[in-house]
Amino acid sequence: MLFYLTRSASSSFQQALVLDMAKILLENYCFPENLVGMQEAIQQAINSGEILQISDRKSLASVLTAGVQGALNDPRLTVSYEPSFVPVMPPVLPSLPTEQLIRLVRNSVKLDILENNVGYLRIDRIIGEETATKLGSLLRDNVWNTVAQMSSLIFDLRYSTAGELSGVPFIISYFSDPEPLIHIDTIYDRPSNTTKELWTMSSINSERYGKKKDLIILTSKRTIGAAEAVAYTLKHLKRAIIVGERSAGGSVKVQKFKIGDSGFYITVPVARSINPITGQSWEVSGVATSVNVNAKDAIGNAKSLLAVRKAIPKVVQSISSTITSFYAFTDRVPTLLHHLESIDFFSVISEEDLAAKLSQELQAVSEDPRIIIKHTQDHSSTVEEGSEPEKFLDDPDLIGVLVDTSFTVQILPGNTGYLRFDKFIDVPLTAKFGEYMAKKVWDPLKDTQNLIIDLRFNTGGSSASLALILSYLQDASQKKHFFTIYDRIQNTTTEYDTLSGITGPIDGSKCGIYALTSYYTAGVGEEFAYLMQSLHQGTVIGEITSGTVMHSKTFQVEGANITITVPFINFIDNNGECWLGGGVVPDAIVLAEEAMDHAHEIIDFHRGLKSLIETTGELLEIHYAIHEVATKVSQVLLTKWAEGSYRAVVDFESLASQLTADIQETSGDHRLHVFYCDVEPESLHEVPKIPTSEEVGYIIDALFKIEVMPGNVGYLRFDMMADLEVVKAIGPQLIKVVWSKIANTDILIIDMRYNTGGYSTAIPLLCSYFFDAEPVRHLYTVFDRSTKTMTEVMTLPQVMGQRYGSSKEVYILTSHMTGSAAEVFTRTMKDLNRATIIGEPTIGGSLSSGTYQVGDSILYASIPNQVVFSAVTGKLWSVSGVEPHVIARANDALTVAQKILAARLSKQDQEK
């Protein structure tokens with residue numbers, strides 16, 4: 001409409017100027033999609049009267065510039081008042097004499113060979129396709145063939161302020177392979193409304209530099225135009241690293257248009273670049289650098305960067321060799337070596353980057369956080385050392401001093417033993433040493449009911465001595481495997497089991513053991529804490545340990561400030577799992593200084609633990625609907641307690657969680673769960689309240705949503721299964737307000753996606769509406785454990801209002817929320833082939849559950865006390881939920897149902 005706005009006789013000069021300017025933009029601006037709504041903006045500006053009051057031409061130009069730039073968010077749009085402006089057309093390069101072209105190219109191209117066969121190529125003007133063709137042999141012989149022999153190249157575009165886009169494909173092709181061709185840019189020209197794609201060329205008149213050797217491009221704030229296109233394209237093809245300053249942010253093409261017959265001009269970008277990779281452009285914003293430095297420092301930085309990149313293959317080779325020789329997981333070595341060969345190092349611009357990249361990649365592939373690659377100036381290699389064996393002969397005095405200074409033993413109130421040692425000493429197991437240990441350490445502790453082992457100040461020692469300490473804590477009559485150590489350097493595998501011949505052990509199966517830890521607990525101290533948990537030997541209390549045990553050796557990568565830390569030992573626990581270190585998380589996390597007090601609290605809690613576990617099993621045996629499963633679960637709980645699986649339980653919350661996990665795993669019934677509650681929970685099945693006549697309307701409005709959709713399709717949604725007595729109470733109004741409006745539809749969609757259940761007593765009534773009065777249908781059979789009765793649930797011969805009947809189609813929509821009684825209705829309708837189910841599998845809830853207190857504690861068990869048998873197969877319904885006929889996301893279920901109905905109706909019409 002803007003093109004055809006009619007100027008009235010009274011239109012001012014300013015109005016005409018604005019309208020002419022708008023016409024130029026509409027016909028020439030390279031982002032026509034941004035001009036939507038421009039008419040309203042111009043009319044608003046004219047109506048405001050602001051520009052009508054500006055008589056000064058230069059001020060008016062400034063106001064118009066600000067307006068158009070603000071409206072289109074493009075700083076290249078400028079309005080100027082230049083009554084004396086005379087356009088100057090620059091000479092077209094290909095038309096110049098050959099001698100002049102040669103001088104121009106030689107002045108704009110500089111080639112040099114730096115140290116280590118690094119090429120330096122500076123181009124200050126990107127010549128176009130015609131000029132390049134005309135001077136092809138000169139460029140080939142004096143520039144491109146020479147550059148192709150360089151090991152790496154610094155391509156300097158810091159001073160490139162002119163050029164032609166038609167020359168860009170040749171330069172990109174020079175740094176690419178002949179095939180496949182690459183789409184590098186798309187140029188849209190607005191005045192002609194044409195689009196031109198730029199692609200690499202399969203054939204160029206010179207030897208190619210290729211796509212593998214390093215390429216660094218230097219840019220500055222002055223780099224503009226075609227040089228920006230080169231830098232931007234090579235950067236996003238991941239072919240070049242940009243060093244220097246962000247470029248100027250020029251334009252593909254701008255034109256200066258005279259506005260009407262005035263002395264005003266508007267500068268407009270008439271073409272734009274669209275990169276096929278980013279969908280963006282270098283225009284306006286410029287090309288961002290990978291390494292941002294002052295332009296004058298760019299060459300020095302480029303040289304340093306090339307030195308880093310040149311070292312990458314050697315670093316990778318060194319790391320490969322180290323992993324091959326020392327990595328403890330020998331089976332993972334081939335995969336790691338293969339991955340090292342395939343890593344893309346394009347983004348690496350420093351040794352720090354290289355180390356971080358390698359560390360991240362190797363940890364991700366190996367799933368081993370112990371492989372660590374760092375950038376460091378410290379060139380010393382280190383290895384975690386085990387402690388040296390204690391140097392003493394079989395001297396009673398020396399043995400006595402060693403034991404006395406290493407172990408602290410006390411008997412605390414409540415017949416609780418206390419043992420502290422700050423180092424795992426490595427000693428030969430001699431008879432005299434065993435006798436002295438028994439006398440000074442184990443005899444005083446042997447009759448204690450509980451033992452606190454204080455590791456808060458233990459910084460490690462010898463892994464070999466772990467087996468000794470653990471053996472003292474075992475039942476002497478049983479041999480037990482503790483852990484295995486595989487040493488890659490020695491290529492040895494050593495298994496550590498219960499040691500024979502020791503005296504004075506404490507029976508760990510009868511004595512509660514509690515290990516105290518702190519952030520300072522390190523090395524073998526961490527391994528001991530870990531094994532307490534892995535062996536189900538004890539409860540760990542305190543702070544997360546230091547995480548220093550890695551069993552690793554650190555090597556300097558030759559020729560680089562990079563080190564690689566490789567685990568050469570695997571610590572394999574009694575379950576065959578390799579422990580990767582990283583710190584031990586206690587069963588009860590508390591401050592180290594509070595660990596002792598907390599240990600006494602947990603000891604008190606553990607005294608009643610067996611009774612709570614037994615009572616939970618008894619409740620299951622009494623109330624759970626499937627007695628044989630309940631008996632099995634009860635036995636498993638006690639077995640797990642005897643095996644020490646409940647040593648990690650430290651309070652009612654963790655006990656509830658552990659009981660729930662064990663019960664559900666053993667029974668396969670996710671409906672069983674144990675929870676803790678400080679106040680007695682309300683009954684989940686209170687006697688329903690019969691609503692008053694005033695409440696009935698509110699209940700119906702809240703629970704039911706109905707609609708008759710096109711094609712006489714009924715839609716019924718209700719989000720709760722009400723009790724039968726409640727349904728009877730609201731029945732007359734329910735029939736009138738809800739059912740009568742959908743009973744005569746041809747097809748019915750019942751939406752149960754938001755129905756989480758409720759009472760099951762009304763299910764027979766609800767189902768009856770979808771079957772004939774006679775004969776009555778067997779819906780399902782319920783076994784109630786509480787009453788030990790088996791009840792067949794049937795349809796009702798009489799219902800209020802009219803039935804929907806047994807022949808019309810019914811669709812039920814489900815979701816993961818659909819549960820309990822809503823599932824019973826859905827499954828019944830599916831079992832009897834009365835409905836098509838669409839949506840997600842339902843939750844798998846129970847028909848009826850009871851909540852029972854565990855003893856006199858704050859624990860409660862939710863136990864399903866009813867099971868349902870199919871009327872069709874006679875088999876027990878599974879607890880996995882209802883599987884729909886048509887699987888669909890819950891949000892899409894209604895749409896899917898409508899599509900199915902539309903397809904069926906269309907097919908019926910065709911058959912007619």
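In short, a report on the structure. (Residues numbered from 1 in each chain as written. Predicted model: local features only at pLDDT ≥ 70, side-chain atom pairs only at ≥ 80, totals over all residues. Heavy atoms only, no water.)

1. Things to note about helix α3 (residues 57-72)
Spanning 16 residues, α3 covers 22 Å between terminal C-alpha atoms, matching the ideal 22 Å at 1.5 Å per step. Buried positions along α3 lie against α1 (13-28), β1 (78-81) and β12 (264-274). Measuring from the backbone nitrogen of Lys58 back to the side-chain oxygen at the start of α3 gives 3.4 Å, which picks out Asp56 as the cap. Two residues or fewer after α3 comes Asn73, characterised by a positive phi angle close to 55°. (Helix = DSSP H or I, 4+ residues; strand = E, 2+ residues; numbered from the N terminus. Expected span 1.5 Å × (residues − 1). Contact = heavy atoms within 4.5 Å. Polar contact = N/O pair within 3.5 Å; in protein donor to acceptor, adjacent residues only side chain to side chain.)

2. Side note on the packing of helix α18 (residues 627-642) against helix α19 (residues 652-667)
At a minimum axis separation of 9 Å, α18 and α19 run at an interaxial angle of 135°. Here α18 lies oblique to α19, going by the angle between them. In this structure, α18 crosses over α19, and the sense of that crossing is right-handed. Along its contact with α18, which presents Val629, Lys632, Val633, Val636, Leu637 and Lys640, the element α19 presents Leu659, Asp662, Ile663, Thr666 and Ser667. Here the contact of α18 with α19 is built from residues that sort into six nonpolar, two polar and three charged. (Axes fitted to C-alpha atoms, helices over the stretch in contact; angles between N-to-C directions. Parallel < 35°, antiparallel > 145°, perpendicular 65-115°, else oblique. Left-handed = near helix turned anticlockwise from the far one by under 90°. Nonpolar A, V, L, I, M, F, W, Y, C, P; charged D, E, K, R; others polar.)

3. Description of the packing of aromatic side chains
Applying the stated criterion across every chain yields a total of 29 aromatic pairs. The interplanar angle of 20° and the centroid separation of 4.6 Å between the aromatic rings of Phe483 and Tyr496 together place this pair among those described as stacked. With Phe483 in strand β18 (residues 481-487) and Tyr496 in strand β19 (residues 492-497), this residue pair connects regions lying 13 residues apart in the sequence. Both rings, one in Phe571 and one in Trp579, keep their centres 6.3 Å apart while their planes meet at 70°; by these two values the pair is edge-to-face. (Phe/Tyr/Trp six-rings, centres within 6.5 Å; stacked < 30°, edge-to-face > 60°.)

4. Here's the deal with unusual backbone geometry
Across the junction of Glu179 and Pro180, the peptide omega takes the value -5°, indicating a cis bond. For Pro180, the position within the fold is in the loop between α7 (168-174) and β7 (183-189). Cis geometry marks the peptide bond from Glu774 to Pro775, where omega comes out at -10°. Here Pro775 lies in the loop between α22 (763-768) and β31 (778-784). For Val284, which is not glycine, the phi torsion reads 70° and is therefore positive. Looking at the secondary structure, you find Val284 in the loop between β12 and β13 (291-292). Judged by its relative accessible area of 37%, Val284 is partly exposed. (Buried < 20%, exposed > 50% of the residue type's maximum accessible area, 1.4 Å probe, protein only.)

5. Some words on the layout of surface pockets
The computed volume of the second largest pocket comes to approximately 770 Å³. Taken together, 30 residues make up the lining of the second largest pocket; nearest its centre are Lys212, Asp214, Arg309, Lys310 and Ile312. Taken together, the elements giving at least two residues each to the lining of the second largest pocket come down to β9 (215-219), α9 (298-326) and α10 (333-342). Looking at the lining of the second largest pocket, the element that brings in the most residues is α9, giving eight residues. Tallied by class, the residues present in the lining of the second largest pocket amount to 15 nonpolar, three polar and twelve charged. (1 Å grid on protein atoms, 1.4 Å probe; cavity = no way out; pocket = protein on both sides within 12 Å on 5 of 7 lines; lining within 4 Å. Points joined across faces, edges and corners; volume = space filled by probe spheres on them.)

6. Observations concerning a negative patch on the surface
Residues Glu593, Glu594, Asp597 and Glu601 make up a contiguous surface patch of negative charge. Relative to the assigned elements, Asp597 resides in helix α16 (residues 595-607). (Patch = residues over 30% accessible without salt bridge, like charges linked within 9 Å, V, L, I, M, F, W, Y side chains within 5 Å. Areas by Shrake-Rupley, 256 points an atom, 1.4 Å probe, with all protein chains shown as cover. Salt bridge = Lys/Arg side-chain N within 4 Å of Asp/Glu carboxyl O. Lys, Arg positive; Asp, Glu negative; His and termini not counted. Charge placed at Lys NZ, Arg CZ, Asp CG, Glu CD.)

7. Digging into empty space enclosed by the protein
Evaluation of the coordinates by the stated rule reveals four cavities of 30 Å³ or more. Considered as a void within the structure, the largest cavity measures approximately 160 Å³ in volume. Lining the largest cavity are 14 residues, with Ile123, Ile127, Leu139, Trp144 and Ile171 positioned closest to its centre. When contributions to the lining of the largest cavity are tallied by element, the ones reaching two or more residues are α4 (98-108), β4 (125-126), α6 (136-147) and α7. Ranked by the residues each element gives to the lining of the largest cavity, the list is headed by α6, at three residues. Residues belonging to the lining of the largest cavity are distributed by class as follows: eleven nonpolar, two polar and one charged.

8. Re the sheet that holds strand β38 (residues 886-887)
Taking strand neighbours across the sheet as the criterion, the six strands line up as β28-β29-β30-β33-β34-β38 in an open arrangement whose pairing is mixed. Edge positions in the open sheet fall to β28 (704-709) and β38, since each of these has one partner strand only. Relative to strand β33 (residues 809-814), strand β30 (residues 747-751) is paired through five bridges, and the arrangement is parallel. Residue pairing in the sheet places Ile749 in a bridge with Tyr811 of β33. (Pairing = 2+ DSSP bridges.)

9. Here's the deal with the pairing of strand β32 (residues 789-794)
Where β31 meets β32, six bridges bridge the pair, whose relative direction is antiparallel. Bridging across to β32, His778 finds its partner in Met794.

10. Considering a nonpolar patch on the surface
Together, Ile544, Val585 and Ile589 line one region of the surface with nonpolar side chains, adding up to about 260 Å² of accessible area. Note on placement: Val585 falls in the loop between β25 (578-579) and β26 (588-589).

11. Focus: the pattern of salt bridges
By the definition in use, this model includes 22 salt bridges. With a closest N to O distance of 2.7 Å, Glu27 and Lys23 form a salt bridge. Of the two residues, Glu27 and Lys23 are both situated in helix α1; the distance of four residues between them amounts to about one turn of the helix. For Glu27, a relative accessible area of 35% puts it in the partly exposed group. Relative accessible area serves as the criterion here: at 37%, Lys23 is assigned to the partly exposed category. Ionic pairing is found between Arg904 and Glu809, a salt bridge with its closest N-O pair at 2.3 Å. In this pair, Arg904 is assigned in helix α24 (residues 893-911) and Glu809 in strand β33, connecting sequence segments 95 residues apart. Ionic contacts of the salt-bridge type, sharing partners, join the residues Asp74, Arg76 and Glu283 into one network.

12. Topic: the sheet that holds β31
The antiparallel open sheet is built from three strands, whose spatial order is β32-β31-β37. Since the sheet does not close on itself, it has two edges, and those belong to β32 and β37 (866-870), each with one partner. Taking each pair of neighbouring strands and ignoring which way they run, the sheet shows an average axis angle of 25°.

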